[in-house]
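Each chain, letter by letter, is given below.
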Amino acid sequence: MDEPSMPTPPAHSPGPPAPPIPLAELLASKDLGLRRIAGPADADLLWVHTSEMADPYPYLLGGELLLSAGVLLTDPDHYVARLVEAGAAALGFGVRPVHETVPEALIEACDRYGLPLLEVPPETPFTTIARAVWRLMAEARHRELRRVTRAQQALATAAARPDPVPAVLHQLAAQLSGRAVLLTGRGEEVHAAGRRPPPEAAAALARLARVVARERPGSPASATDTHAGTHLAAYALGGGEGLALALATRRREAGDHTVAGIAVVLLSLLAAPHQGADAADRSAALVRLLLGATPAEVAPLLGSPGPWTVIHARRSDGTTADALTAGALGASLGSALVDAGREGGDTVRVLLPSTAGEATREAVGGEAAARREVTPQPGGGEEPPTPPQAPTVTPQPGWTLGVSAPTPLAALDSADLRAARALAHAEATRAPLTADTPVTGLAALIPPDQAAAHARTLLAPLTPPLADTLRCWLSLHGSWDRTAVALAVHRNTVRQRIGRCTVLLGTDLNDMDVRTELWFALRQE
């Protein structure tokens, strides 16, 4: 009976090969006939080991259910004390043939030291108990893997939503049945989900998050604590943003750490979607602008010399997007140039560069242009460089977008205005995306300077608010209600402004020729 009943992990093993098994589950196996006769009812079993040594302390790892028939048991008090010192989880004592019953001194020692004592009936071999523990461990591992797989799928689905950061936190809080908070290095809440813990536990959680969020060598990547029965955990997010994921749960289950690790990876990617060389170039561009460089000089650092597309976006549900959600939108659109809020407004602005061909990218590189290979043309010339291509903007779930036409750097302020108008048009028509189109067709045949001069003369009587109202009203085919929605005013205000335009212009706005000429003029602005 000195042989182990199952393989024992080596001494350097970092932890158990499977989730711990509650002692109550083993006792619930009626076919084993085990009976707890001393010690507490709660214990977690990590291993099973059989030994008849008088002092098995040197051969225990901790967490074992030690099985023995008491062959060399002479001092029950010293024996139990050494088991507790070694970290044994419980003692299973087999009766017969050595002892007819469990020694009373052993029962008293287990009660005194708080070690669960199980009576093993003669008809139950120790190997049967070992197999039962392994079976319970395999079942627990299977349950854990299934739970982690489901959680991973749910978290990945949440990360694909229009508001990925709050969605991931809500899903994580649901999976762990607790509180999930995204905190800054100063302990400020960025997002939170789940039931709030007691104030004292919340304060302890914030302190724990500050420990892992410190941006200095040697700071731990994770930390755990327990406060008044609430299990606390904090994880540092990657990307160097000083953010931390903090969790507070009433219970801790197998797989919780793995599920939290999946969330940490997703949140790290969502909170810092653009890092590395691109971030360094953007920083350099900002510094040069502040030091007096022109936009044209810094544009190559931002990935493209132009043209550029301006996108205005608002959440479809009317909520205000935070910086992380806005950054996720920019990542979906393919740009890191995102303005998450303008003067407290709810509009997100994204600056989207054109996608240039390989020749254009090399030309921007300076000396690399001299090494660029060219393709001879039939007439003896060279193939012209591939022109920059305007990006294709597609609707984004949960967002309403207004997109400007591709615009050179010098006219970005005009493109910003056109994107705002396109967004208002999209909201008025309940479309997920409206794109402003460049002047084409017959209108493009007129020289731009002459067209602009005619527009200034024709629209001179109108104030800017009246011109904006007239432009919006014409773009929406004279709809009072939709124009009111787009301009966020009452429909009677729209009627009054259009009536005022009719008087100032001295014309009939019901005439299609008049509308066409005014639309042509308004498009020049």
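Residues numbered from 1 in each chain as written. Predicted model: local features only at pLDDT ≥ 70, side-chain atom pairs only at ≥ 80, totals over all residues. Heavy atoms only, no water.

Caption draft 1: Seen up close, the nonpolar core. The biggest cluster of nonpolar side chains holds 31 residues, and the ones touching the most others in it are Leu155, Val168, Leu169, Leu172, Leu245 and Leu247. Of all elements in the fold, only helix H4 (126–159), helix H5 (164–176), strand S8 (178–183), strand S11 (230–236), strand S12 (244–249) and helix H7 (256–271) reach the threshold of two or more residues within this core. Apart from residues no more than four positions distant in its own chain, Leu247 is found in contact with Leu172, Leu176, Arg179, Ala180, Leu205, His231, Leu232, Ala233, Tyr235 and Ala260. Ranked by size, the runner-up nonpolar core spans 23 residues in total, among them Leu27, Leu32, Val48 and Ala140. (Core = buried A, V, L, I, M, F, W, Y, C linked by side-chain atoms within 4.5 Å. Buried < 20%, exposed > 50% of the residue type's maximum accessible area, 1.4 Å probe, protein only. Helix = DSSP H or I, 4+ residues; strand = E, 2+ residues; numbered from the N terminus. Contact = heavy atoms within 4.5 Å.)

Caption draft 2: Quick peek at the packing of helix H12 (residues 412–429) against helix H15 (residues 480–487). As a packed pair, H12 and H15 sit with axes 8 Å apart at the nearest point and diverge in direction by 130°. The angle between H12 and H15 places the two elements in the oblique class. Between H12 and H15 lies a crossing of right-handed hand. Where H12 approaches H15, its residues Ala424, Glu427, Ala428 and Thr429 are matched on the opposing element by Arg482, Val485 and Ala486. A per-class count over the contact of H12 with H15 returns four nonpolar, one polar and two charged. (Axes fitted to C-alpha atoms, helices over the stretch in contact; angles between N-to-C directions. Parallel < 35°, antiparallel > 145°, perpendicular 65-115°, else oblique. Left-handed = near helix turned anticlockwise from the far one by under 90°. Nonpolar A, V, L, I, M, F, W, Y, C, P; charged D, E, K, R; others polar.)

Caption draft 3: Focus on the pairing of strand S15 (residues 348–353). By the bridge criterion, six bridges tie strand S13 (residues 308–315) to S15 in an arrangement that is antiparallel. Directly across from His312, in S15, lies its bridge partner Arg349. Where strand S14 (residues 338–339) and S15 come together, two bridges link them in antiparallel fashion. Looking at the pairing, Asp339 lines up with Arg349 of S15. (Pairing = 2+ DSSP bridges.)

Caption draft 4: Local environment of the sheet that holds strand S4 (residues 47–50). The strand order across the open sheet built from five strands is S2-S7-S6-S5-S4, with neighbouring strands paired in mixed fashion. One side of each edge strand has no neighbouring strand; the edge strands of this open sheet are strand S2 (35–38) and S4. With direction set aside, neighbouring strand axes in the sheet form an average angle of 30°. Both strand S6 (residues 90–94) and strand S7 (residues 117–120) contribute to a ladder of four bridges, which runs parallel. Bridging from a neighbouring strand, Phe93 pairs with Glu119 of S7. Taken strand by strand, helix H3 (residues 104–113) contacts S2, S6 and S7, and its axis lies near 80° from that of S2.

Caption draft 5: Inspection of the pairing of strand S16 (residues 399–403) at higher detail. Here S16 lies mainly inside the structure; five of its five residues are buried. With five bridges joining them, S13 and S16 adopt antiparallel strand pairing. The partner of His312 across the bridge, within S16, is Gly402. Note: S16 against strand S17 (residues 433–435), three bridges, orientation parallel. The residue bridging Val403 from the neighbouring strand is Ala435, located in S17. Handedness of the crossover joining S16 and S17 through H12: left-handed. (Right-handed = clockwise from strand over helix to strand, strands pointing away.)

Caption draft 6: Inspection of the environment of Pro22 at higher detail. The residue Pro22 is located in strand S1 (residues 21–22) in this model. Under the relative-accessibility criterion, Pro22 is labelled partly exposed at 30%. Between the C-alpha atom of Pro22 and that of Met137, which follows or precedes it by 115 residues, the distance is 10.0 Å.

Caption draft 7: Structural context of helix H16 (residues 491–505). The end-to-end C-alpha distance of H16, which contains 15 residues, comes to 21 Å, matching closely the 21 Å that a straight helix rising 1.5 Å per residue would cover. Regarding H16, the residues found buried are Val494, Ile498, Cys501 and Leu505. Projection of H16 onto a plane perpendicular to its axis shows the buried side chains occupying an angular sector of 50°, all on one side. Facing away from the buried surface of H16 by more than 90 degrees, the exposed residues are Gln496 and Val503. Looking at the residues trailing H16, positive phi occurs at Gly506, about 60°. (Expected span 1.5 Å × (residues − 1). Arc of directions from axis to C-beta.)

Caption draft 8: Geometry of the sheet that holds S14. Read across the sheet, five strands follow the order S14-S15-S13-S16-S17 without closing on themselves; strand pairing throughout is mixed. Each of the sheet's edge strands pairs with one partner strand only, and the pair in question is S14 and S17. Contacts from helix H10 (residues 323–333) reach S13, S14, S15 and S16 within the one sheet, and its direction differs from that of S15 by about 25°. In this fold H12 packs onto S13, S15, S16 and S17, with an angle of close to 35° to the strand it touches most, S13.

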